[in-house]
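Working through the structure, step by step
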Amino acid sequence: MTTLRVAGAQLNLTVGDLDGNEASIRGAMTWAEQQGADVVLLPELAVTGYPPEDLVIRPGFVEANLAVVDRLAAASGATVAVVGFVDRAQGREPDDAVDRQVANAAALIGGGRTLGVYHKLLLPNYGVFDEDRYFVEGEAPAALWEISGAVVGVSICEDIWVADGPPSLQAAAGAQVLVNINASPYHHQKVREREAMLRTRAAAAGVPVVYLNLVGGQDELVFDGASMVIGPTGDILCHAHQFQEDRFVVDLELEPRPRPGAVTPVSSRPTSPRPQIPQPECRPLLEPPEAEVYAALVTGLGDYVRKNGFGHVLIGLSGGIDSALTAAIAADALGPEAVWGIAMPSRYSSEGSVQDAKELADRLGIRFDLIPMDQIYAAHLEALEPVFADRPPGVAEENLQARIRGALLMALSNKFGGMVVATGNKSEMAVGYATLYGDMVGGYAVLKDVFKTMVYRLAEWRNAKGEVIPRAIIDKPPSAELRPDQKDTDSLPEYGLLDEILVRYIEGDASVEDIIADGFPAEVVTEVAAMVDRNEYKRRQAAPGVKITTKAFGKDRRLPITNRYRRG
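From a predicted model like this one, the values you see are computed outputs, not experimental measurements. (Residues numbered from 1 in each chain as written. Predicted model: local features only at pLDDT ≥ 70, side-chain atom pairs only at ≥ 80, totals over all residues. Heavy atoms only, no water.)

A tally of regular secondary structure across the chain gives 18 helices and 20 strands. Computed over its C-alpha atoms, the radius of gyration of the chain comes to 26 Å, within 12% of the 24 Å expected for a compact globule of 568 residues. Along the first, second and third principal axes, the C-alpha set of the chain runs to 85 × 50 × 45 Å. Counting across all 568 residues of the chain, residues that qualify as buried make up 57%. Accessible area for the chain stands at about 23,200 Å²; split by element, carbon and sulfur atoms hold 52% of it. Averaging the coordinates of the 54 positive side-chain charges in the chain and doing the same for the 77 negative ones gives two points 2 Å apart. (Helix = DSSP H or I, 4+ residues; strand = E, 2+ residues; numbered from the N terminus. Rg over C-alpha atoms; globule rule 2.2 N^0.38 Å. Buried < 20%, exposed > 50% of the residue type's maximum accessible area, 1.4 Å probe, protein only. Areas by Shrake-Rupley, 256 points an atom, 1.4 Å probe, with all protein chains shown as cover. Lys, Arg positive; Asp, Glu negative; His and termini not counted. Charge placed at Lys NZ, Arg CZ, Asp CG, Glu CD.)

As structure tokens, this is what we get:
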């Protein structure tokens, strides 16, 4: 029986911050040495951050990332570190029309040098992934390394998602343990999918699997960590935290297997005694589902603001549920001192909405200011009167109010340097119930992938931890308050019905006919689908926002703006 001490460090890294990422990796390597680990795992593309996108096309960026690997290798000790980076695809011809000459790689470093390199074989090219655009696939699926007497198979993310992928081949070739480094983005309940997949892989291979994931927010993606160690029968030995940096170390008792013919020795076990380590902890997964989604939104917004250098955020507080939940998320992500709420009532704003916005700000402990906009609105109407002539008031006048509010928020942003957070939700974005250059203004839209029904669920869940959103905000019928007695249901179906249709049409790619066949009203389904289709141009101009569903607007769902196809 061979004992292999494996450490893992799920880190929150930043794309392009080579110096900062190097410092984080060095810290993890030092910690692993102190634990007497034989090997420590770092995330996929840890050196560059994930996803580096078109940065990998820049030779200078690739060279700088290689220099980081060289420095890390020179500083390495007895513990072998498996570090994700961008490698040159040496000896490969440039591939077709795209001059791809780099690989998504893992370096095995230790003893002051680079001991081996693995190139990712399976390059995802779906959803938010574009790896086939950038990388050349590897050529050694069953590559094995001997670390402290144990035969180890190293792979990267997508490699393990396919049943007969490289880890399965490595196990068949004699690997005693499989290690897989990842940058696996979050969507709702994905951790359960990963867990089930990894249990299956470990049981099929009959060897332990160590899965190390990235954590933190990067633009619209959130990485939830939740790294895990799976035993050879599919049992979970260790589970790291979700949505926060975490470290773990575990002693794996590995069954002897016939020694493979092709294995590269990279390190031997140190002769000095190792410190005792406690039994690995299984961190609890977040429950209920709202807790997981809320944590993803907090992580995504907080990292976007911090990593892009903003000191605070501004939020237009209407007294409605969307802006209230946005403010609560922002306060939890950044601290109340970094959140500024601004109410901008017009002639159609109810007194109750203004009071609700003020009460919300008081409960959250955020700054609150009131900027009445009716005089500005009146001046705009007066200026437009000769052109509008005798035309009756309509959507133009309603949207004008939203655009004035957007202009005021951006003026405050320009003057004081904070970032405006847009407050629209996925239901509204889907059907175009949002005003370009108005309520869509902002640097980030934290609820962009959150359906309205989930907005209410998240508000109730957050209040259960301590009521911060006034009950009146949750209970009132949703309204844009841009005309007298306006309600969202004047223009849209009830949100419960609307969201059921949208989930099928957007995330399930179901046809109108299929949705109607499921029992939904034909007239409503037809109109909802038409609204979704004709508002693609608005969504293309929307701020980025946290991805929490299986198909978010943006990279996940790419439809042409100019498009006349309207069938299923």
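Before going further, it helps to spend a moment on the sheet that holds strand β17 (residues 339–343). If you walk across this open sheet you meet the five strands as β18-β17-β16-β19-β20, and the pairing is parallel. In the strand order of this sheet, the two ends are held by β18 (367–370) and β20 (444–445), each with one partner. Where strand β16 (residues 313–316) meets strand β19 (residues 419–422), two bridges bridge the pair, whose relative direction is parallel. Bridged to Val313 within β19 is Met419. Lying over the sheet, helix α7 (residues 289–307) contacts β16, β19 and β20, oriented at roughly 155 degrees with respect to β19. (Pairing = 2+ DSSP bridges. Contact = heavy atoms within 4.5 Å. Axes fitted to C-alpha atoms, helices over the stretch in contact; angles between N-to-C directions.)

Turning next to the sheet that holds strand β1 (residues 2–10). The six strands lie next to each other as β5-β4-β3-β2-β1-β14, forming an open sheet whose pairing is mixed. The open sheet is flanked by β5 (113–119) and β14 (246–254), the only strands paired with a single partner. Taken over all neighbouring pairs, the strand axes of this sheet differ in orientation by 30 degrees on average, direction set aside. As paired elements, strand β2 (residues 39–41) and strand β3 (residues 80–88) share three bridges and run parallel to each other.

This brings us to the packing of α7 against helix α13 (residues 452–464). Across the interface, α7 lies against α13 with an axial gap of 10 Å and an inter-helix angle of 95 degrees. Overall, the two elements α7 and α13 adopt an arrangement that is roughly perpendicular. Here Pro289, Glu290, Ala291, Val293, Tyr294 and Leu297 of α7 lie close against α13, whose contacting residues are Met454, Arg457, Leu458, Trp461 and Arg462. Counted by class, the contact of α7 with α13 contains eight nonpolar, no polar and three charged residues. (Parallel < 35°, antiparallel > 145°, perpendicular 65-115°, else oblique. Nonpolar A, V, L, I, M, F, W, Y, C, P; charged D, E, K, R; others polar.)

A full pass over the atoms with the stated rule returns 37 salt bridges. Where Arg363 meets Glu467, a salt bridge forms, and the shortest distance between an N and an O atom there is 3.2 Å. Of this pair, Arg363 sits in helix α9 (residues 351–364) while Glu467 is found in the loop between α13 and α14 (471–475), placing the two residues 104 residues apart along the sequence. Residues joined in a network through salt bridges with shared partners are Glu536, Arg539, Arg540 and Arg557. (Salt bridge = Lys/Arg side-chain N within 4 Å of Asp/Glu carboxyl O.)

Ranked by size, the top nonpolar core spans 53 residues in total, and within it Leu297, Leu301, Leu317, Ile329 and Ile469 carry the most contacts. At the level of elements, α7, β16, α8 (321–334), β17, α9, β19, α13 and α14 are the ones that each hand at least two residues to this core. In this structure Ile469 touches Ala324, Leu325, Leu360, Arg363, Ala459, Asn463 and Ile474, once residues within four positions along its chain are discounted. Counting residues in each nonpolar core, the second largest holds 44 residues, with Ile25, Val40, Phe61 and Val83 among its members. (Core = buried A, V, L, I, M, F, W, Y, C linked by side-chain atoms within 4.5 Å.)

Taken as a whole, this structure holds six aromatic pairs when the rule is applied. Ring geometry for Tyr50 and Phe223: centres 6.1 Å apart, planes at 85 degrees, overall edge-to-face. Taken together, the residues Tyr50 in the loop between β2 and α2 (59–75) and Phe223 in strand β11 (residues 221–224) connect sequence positions 173 residues apart. Summarising the burial analysis for this pair, Tyr50 and Phe223 share the class buried. Their ring planes at 70 degrees and their centres at 5.4 Å tell us that Trp340 and Phe416 sit as a pair that is edge-to-face. Note that Trp340 is positioned in strand β17 and Phe416 in helix α11 (residues 395–416), a separation of 76 residues in sequence. Exposure remark for Phe416: the relative accessible area of 48% places this residue in the partly exposed category. Here the basic side chain of Lys426 rests over the ring of Phe553, its NZ or CZ set 5.6 Å away from the ring centre. (Phe/Tyr/Trp six-rings, centres within 6.5 Å; stacked < 30°, edge-to-face > 60°. Lys NZ or Arg CZ within 6 Å of the ring centre and 35° of its normal.)

Another aspect to go through is the state of the cysteines. A covalent bond bridging the sulfur atoms of two cysteines is what the word disulfide describes. By the definition in use, this model includes zero disulfides. Counting only cysteine sulfurs, Cys282 is the nearest neighbor of Cys238, a cysteine outside any disulfide, at a range of 6.1 Å. (Disulfide = S-S within 2.5 Å.)

A separate point is the environment of Gly496. Here Gly496 is to be found in helix α15 (residues 495–507). Owing to a relative accessible area of 40%, Gly496 belongs among the partly exposed residues under this scheme. For the pair Gly496 and Met454, spaced 42 residues apart in sequence, the C-alpha separation works out to 9.9 Å.

This brings us to helix α10 (residues 374–388). The sharpest bend along α10 comes to roughly 30 degrees, located at Glu382, with the proline Pro386 sitting one to four residues further on. Directly beyond the C-terminal end of α10, a positive phi value near 50 degrees is found at Ala389. (Bend = angle between axes of the 7 residues up to and from the residue.)

Pro51 follows Tyr50 through a cis peptide bond whose omega is -5 degrees. Cis geometry marks the peptide bond from Glu287 to Pro288, where omega comes out at -5 degrees. Positive phi is not limited to glycine here, since Ser148 has a value of about 50 degrees. Given the relative accessible area of 6%, Ser148 is considered buried.

One face of the sheet, then the other: side chains in a regular strand alternate in exactly this way. With nine of nine residues buried, strand β4 (residues 102–110) is to be regarded as a mostly interior element. Side chains Val102, Asn104, Ala106, Leu108 and Gly110 of β4 all project onto a buried face; the interleaved residues Ala103, Ala105, Ala107 and Ile109 project onto the opposite face, where all are buried too. Judged from the eight bridges that link them, β3 and β4 form a sheet pairing that is antiparallel. By the bridge assignment, Ala81 is partnered in β4 with Ile109. Of the strand pairs in this sheet, β4 and β5 are connected by six bridges, and their pairing is antiparallel. What sits directly across from Ala107, in β5, is Val117.

This part is about the pairing of strand β9 (residues 209–212). Burial along β9 is two-sided: the face carrying Val209 and Tyr211 and the face carrying Val210 and Leu212 are both buried. Viewed along the sheet, the connection from strand β8 (residues 177–181) through helix α6 (residues 190–205) into β9 turns out right-handed. Inspection of the sheet shows β9 paired to strand β12 (residues 228–230) by three bridges, in the antiparallel sense. In the strand pairing of β12, Tyr211 is matched with Met228. (Right-handed = clockwise from strand over helix to strand, strands pointing away.)

These results come straight from atomic positions and should not be treated as a statement about function.
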